Every structure is written in C-alpha cells, then in structure tokens.
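If you want the building blocks of each chain, they are given just below.
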Amino acid sequence: MINADEIAGILKQQIASARTETREDEVGTVIEVGDSIARVYGLTAVKMGELVQFPNGLLGIAFNLEEDNVGVVILGSDADIKEGATVRRTGRIVSVPVGDAVVGRIVDPLGQPLDDKGPIATTRTRPIETQAPTVVQRQPVSQPLQTGIKAIDGLIPIGKGQRELIIGNRQTGKTAIAIDTIINQKGKNVICIYVAIGQKTSTVAQLYKILTDAGAMDYTTIVAANSSDPASVRYIAPYAGCAMGQELMYQGKDVLVIYDDLSKHAQAYREISLILRRPPGREAYPGDIFYLHSRLLERAAKLSDELGGGSMTALPVIETQQGDVSAYIPTNLISITDGQIYLETGLFYSGIRPAIDVGLSVSRVGGAAQTKAMKSVAGQLRLELSQYRDLAAFSKLSSDLDKATQAQLSRGEKITETLKQPQFDPLSLDREVIELYVAVNDFLADIPTERIAQFHKEFYEFLTTAHPDIPKTIADRKEIPSELRTQLDAAIAEFKKRF
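This one's a predicted model, so the numbers in the text were calculated from it and none came from an experiment.

1. What about the packing of aromatic side chains?
Next up, step 1: In total, this model carries 14 aromatic pairs according to the counting rule given.
Next up, step 2: Between the aromatic rings of F63 and Y269, the centroid separation amounts to 6.3 Å while the plane-to-plane angle is 65 degrees, which identifies the pairing as edge-to-face. Of this pair, F63 sits in strand 4 (residues 59-65) while Y269 sits in helix 6 (residues 262-275), placing them 206 residues apart in sequence. Grouping residues by exposure puts F63 and Y269 together as buried.
Next up, step 3: Ring geometry for Y235 against Y269: centres 5.4 Å apart, planes inclined by 25 degrees, an arrangement best described as stacked.

Put into structure tokens, the structure is as follows:
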C-alpha cells in the first residue's frame, strides 16, 4: 500500500532542506578568431593577464583590453573555436606548478608534463609574472658559479645571481656552453632550469638525452615551447621557467635558468602584437619590447641573508645575424644584462672552441665572483691574450720579427691552445687553475703546440697520483699559497722530464 502521508512528509522535508544555489559567471562572445588570437565581446570586468576559458576547455590570456572588445591570446590551437562561442572568466592569473616536484621533468609552459612520467605531484603554483626583488632584498654578487669552461671561469667569471648574455651567430656553440654549465653543476647543489623557446622538438629530445647520459637530469627541469607551438605558448615560456626558479630561490636554493633563446621569444611577442594590431616600432617590434625582457631578467638576483640568501642566475641566449651586435634586440639585452659572452664564427671555424672572443666578451661582476686561486692565475691571462691578439694582427704585415716578439706570439698561441676545450667536458676548479697556471707561467715554452692538450691531460693525471695533495688543497682552500706554488713548480719540472 502506498502511504500518501509518508510521501507528503518526505517531500515537505526535502523542500525544507533544499538550498537554491545560483552561480554567476561573466561570459563574453567570440566575434573574431584566427592565428591563435580571439576577439571577445562582453567581458567588461576582465583583468589584464587574466585567464579566460573557451567552451572546449582551452585557456586564453586577456591581452588587449579595448573599448568594445578584449583581445585574447589562445594558449593552444584555435581550430575548434567558432565565432559566437561563449568565453568565461576564471578570475585566475596564468600560474605554473612550482617546487621540488618539477625538478627532473620536461614540462610545457603551462606546467603540463611532456615526459610520460605521470602528473606533477604538487599543489603549489606561482603566477608567471611577479615583481622582481627590490634593492633592499638583494645583496651583491660574490659567489662564483663555476661553468667548468676555462675561458669563462678565467676571463668572464659568472657569479650566483648574475645575468650573463650568451651572444653569437647561429651554429657557434651558444647552447653547448649552456649545456656544459648545467653538466658542471652536478654535486654543487644548483638546480637548473632550461627553457627551450621555439626550438625543434628533435633538438629538445637530443638535449634531454645528453643531460640524462651525464646524470644532470636529476637536478634539471626542461620547459619546452617548441617551434610548432603557437606564439602565445612561446611567449609565456621564459616567464614560466623564471617562476619555477623564483620559487626555489625563495626557499634559499641556488638556481640557474637558461633562456634559449630570447630572439625567438621577441619574435613570438612581435607576432602576437602585430595580429592584435598594436602599433609597430623599430624592426616592427612593439614599443614595449625592452620591458618584455627587462621584467624577465630583473627577477634574477642574489637574495639578502634575511630572505634566505638564495640566488637565481640567468643565462639568456641571443642569436645575431651576421655578427651584428648593434641590432635592436641584442643591444636591448646587452644593456639589461651584467655582461656578455660573445661567440665568433671566424674563431669557431678556425678550430678555437669554445669560440669565445675575449676582446668583446665582458663580465661586469668581474673578479668579485672569482675564487682567490682563479684570480691569481687569471689576472695575467687577459693581458697576455690582448697583447697576443694585437701582435698577431700586426705580425701578419711583417715577415721578419725579433726574438722577443716571436716568443710573445708563441706564448699567446700556447695560452689560446690551453683555452680550447671539447664539448660536454667541463673541468673541476682545481684542474682549471692548474692548467691556466702552467700556461701563464710559461711552462709550455718548450712543448709543441699540437701536444699541449695531451700535456695538460697527462700532467693532471700525474698530479692526482704522485702529488694528490696539490689539487686537493686548491679544491678545498680555493687559493694557491706560496708553499704550494713551490711544490707545483717542482712537480711540473719533474713531469716535464718524463714527458
């Protein structure tokens, strides 16, 4: 039997406990779409840089707030977005997952994993655009960040918290320097973030293999915005990598971020700006192109001890066309960074690798970011090399040279040979110091130039077996005391008799 009273009682109870919930969404309508840009009408209260959502779940960034519509940059393919579709505000700013969970992973600029190792296990996120640390929150750059490359650690030292530009034509070894620097951080408690902007997917896969084989992927994150990705994704990539680095920096850790390369980043931004009909300036770049990179690179810093003393070092890479350093984007970046490593095509093809032009390269932090040991050998090095370059240029015009000039040319040639280094083979600090000490103190005068690399290799092996205390003292104390110099000179003389 159906009991009417019982049913009525249940219905009354449900009506009494029912709560009406209305959710208010601000929505707009797509009035135009194409080239990963949508114009949306109706989002009157949307914020600059806010994420908006399209019907298929795709996200976009509110980029141009105009009088009657909003220019939205779509973070993905615009193929499924139709005119008249509704667009919803999310109230969120673009953020990426951050923390230790992203270390060792390959992610896209939105923090989605690309390495088939499952989702990223973190709930912490950070907006990709944040304010750079203020003057009070920083301290001067004073600790060296060893790259393992003799020419850089000796002549153009990089400190923790510095921004050093790597600049040169294509195929001159810019990325190779960045990779060597990452490999050299093994066991040094530095977390590395490599941001690939507009690179071929095969190049990123190759890089992943190199880092995995070297055991460097354990402390490295790769943020990949490939050349096939829309301009919007390439545009946010460096900011995403920077946000991941900043999170670790504020935890008191040392971070190295490589942006490879910012010329493609500037081109992606130009592409977006021109489609959004922003007025073009020099080389068709929009007026705020300088601010685009300054707000990114100013976030690299050495934090004060009150904030934990963490650091974020930035190595932006820039590609020049036919060595033109005075082009728009290169001059902007040179003025933002604390120095540049200039790679020269001529040197590269003449066999001097890394092809660093010591005359045009500079570190504005200089000796402040060098250990005492390196400072003691590198001081003479720059002077020797600059004198050698002047003499070499002059000696081409003259056939008969006096003994002193010939000796100086030979010496310069041997120092240049010492600075050559194979790829993916960064050296320890003690080995760098010993090799430069041998070269600068004229111990190579009677060694044929083509045997110098062999001499250095065998001499270091001899030291580690016969006099292990010499490299150990340099590595531990980071200086060469006078009594050690005497031992080192004696060891060199002993080895030369065998060699």
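Now, onward.
2. Considering a nonpolar patch on the surface
Next up, step 1: Together, I2, I7, L11 and I15 make up an exposed nonpolar region whose accessible area comes to about 450 Å².
Next up, step 2: Structurally, I2 can be placed in the segment before helix 1 (4-17).
Next up, step 3: What makes I2 exposed here is its relative accessible area of 73%.

3. Some points on the packing of helix 6 against helix 7 (residues 289-297)
Next up, step 1: Two elements in contact, helix 6 and helix 7, have axes separated by 10 Å at closest approach and are oriented at 130 degrees. Put simply, helix 6 runs oblique to helix 7. Judged by the sense of rotation from one axis to the other, the crossing of helix 6 with helix 7 is right-handed. Here L262, H265, A266 and Y269 of helix 6 lie close against helix 7, whose contacting residues are I289, L292, H293, L296 and L297.
Next up, step 2: Per-class residue counts for the contact of helix 6 with helix 7 are 7 nonpolar, 2 polar and no charged.

4. With respect to the nonpolar core
Next up, step 1: By size, the foremost hydrophobic cluster in this structure holds 66 residues, and its most contacted members are I182, L211, I222, I341 and F459.
Next up, step 2: Looking at this core, the element that brings in the most residues is helix 12 (residues 429-440), giving 8 residues.
Next up, step 3: Non-local contacts of I222, meaning those with residues more than four positions away in its chain, are made with R105, I106, V107, Y194, V204, L207, Y208, L211 and M217.
Next up, step 4: Listed in part, the 60 residues of the second largest apolar core include L165, I191, L292 and I318.

Calculation criteria
Throughout, residues of each chain are indexed from 1 in the direction in which the sequence is written. In keeping with the predicted nature of the model, local features appear solely for residues at pLDDT of at least 70, side-chain atom pairs appear and are counted solely at 80 or more, and the whole-chain, interface and lining totals rest on all residues. Computation of side-chain values: all heavy atoms of the structure, hydrogens and water removed. Centre distance within 6.5 Å is the pairing criterion for rings of Phe, Tyr and Trp, where only the six-membered ring of Trp is used; planes under 30 degrees apart are then read as stacked, over 60 as edge-to-face, and the remainder as tilted. Only DSSP runs of H or I covering at least 4 residues are called helices, and only runs of E covering at least 2 are called strands; the numbering of each starts at the N terminus. Three labels apply to residues, based on accessible area from a 1.4 Å probe with only protein chains included: buried if under 20% of the type maximum, exposed if over 50%, partly exposed otherwise in between. Nonpolar side chains (Val, Leu, Ile, Met, Phe, Trp, Tyr) within 5 Å and like charges within 9 Å form the patches, drawn only from residues with over 30% relative accessible area and no salt bridge. Per-residue and other accessible areas follow the Shrake-Rupley method at a 1.4 Å probe size, with only the shown protein chains counted as cover for residues. One speaks of a salt bridge when a side-chain nitrogen belonging to Lys or Arg is within 4 Å of a carboxyl oxygen belonging to Asp or Glu. To define axes, lines are fitted to C-alpha atoms, for helices over the stretch in contact only, and angles between the resulting N-to-C directions are given on a 0 to 180 degree scale. With respect to orientation, any angle under 35 degrees is reported as roughly parallel, any angle over 145 as roughly antiparallel, any angle of 65 to 115 as roughly perpendicular, and every other angle as oblique. The hand of a helix crossing depends on one turn: near helix anticlockwise from the far one by less than a right angle means left-handed, and clockwise means right-handed. Contact between two residues is taken to exist if any of their heavy atoms lie within 4.5 Å; hydrogens are not considered. The nonpolar class holds Ala, Val, Leu, Ile, Met, Phe, Trp, Tyr, Cys and Pro. Asp, Glu, Lys and Arg form the charged class, and all remaining residues, Gly among them, are polar. We call a set of buried residues a nonpolar core when its members are Ala, Val, Leu, Ile, Met, Phe, Trp, Tyr or Cys and they connect through side-chain atoms within 4.5 Å of each other.

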